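Fold and contact review
Each chain, written out:
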Amino acid sequence: MSARSHDSHRFHDSHGQHPLGVLAFFLLIVGFASLAVLLVSVVVGNTALAVTAAIVGLVAFGVAATTMTMLGRKLHHSALIPDYTDTETEHYLRDYRHGV
């Protein structure tokens, strides 16, 4: 096996997740956490923290939704769920099942 083909296989992403999709998922988690902070701060009466948490939540949800929509259109499949194409199947069989 040549060094060039070896390098191309070493850097292949076999999980099918786009890095920006993972970032968008993290932003969704941040958005939901900010909703919890918003709820607690409203109950306690801390208006400044409530407004800040609301803004952080809206921005996080907006950026996550925009990122997932743009990636879905660009990749023609979900950015977090792998696309099981014939190429990916061949890659899996060749590299992990040794051509079975």
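In what follows, the accompanying structure is described. What you are looking at is a predicted structure, and each value in this text was computed from that prediction instead of being measured.

Let's talk about the overall build of the protein
- From N to C terminus, the protein includes 4 helices and 0 strands.
- Across the protein, helices and strands are ordered from the amino to the carboxyl terminus as α-α-α-α.
- The buried share among the 100 residues of the protein stands at 15%.
- A separation of at least 24 residues holds for 68% of the contacts in the protein among residues at least 6 apart in sequence.
- Summed over its atoms, the accessible surface of the protein is roughly 7500 Å², and 69% of this surface lies on carbon and sulfur atoms.

Side note on the packing of aromatic side chains
- Applying the stated criterion across every chain, the model contains 1 aromatic pair.
- Between Phe-32 and Phe-61, the ring centres sit 5.1 Å apart and the planes meet at 80 degrees, which makes this aromatic pair edge-to-face. Of this pair, Phe-32 sits in helix H2 (residues 19-44) while Phe-61 sits in helix H3 (residues 47-75), and the two are 29 residues apart along the sequence.
- Of the residues examined, Phe-32 reaches a relative accessible area of 55% and is grouped as exposed.

Concerning the side chain of Ser-41
- Take Ser-41: it is sitting in helix H2.
- A polar atom in the side chain of Ser-41 sits 2.9 Å from the backbone oxygen of Leu-38.
- Among all residues touching Ser-41, those that are not within four sequence positions of it are Asn-46, Leu-49 and Ala-50.

Criteria and cut-off values
- Residues numbered from 1 in each chain as written.
- Predicted model: local features only at pLDDT ≥ 70, side-chain atom pairs only at ≥ 80, totals over all residues.
- Heavy atoms only, no water.
- Helix = DSSP H or I, 4+ residues; strand = E, 2+ residues; numbered from the N terminus.
- Buried < 20%, exposed > 50% of the residue type's maximum accessible area, 1.4 Å probe, protein only.
- Contact = heavy atoms within 4.5 Å.
- Areas by Shrake-Rupley, 256 points an atom, 1.4 Å probe, with all protein chains shown as cover.
- Phe/Tyr/Trp six-rings, centres within 6.5 Å; stacked < 30°, edge-to-face > 60°.
- Polar contact = N/O pair within 3.5 Å; in protein donor to acceptor, adjacent residues only side chain to side chain.

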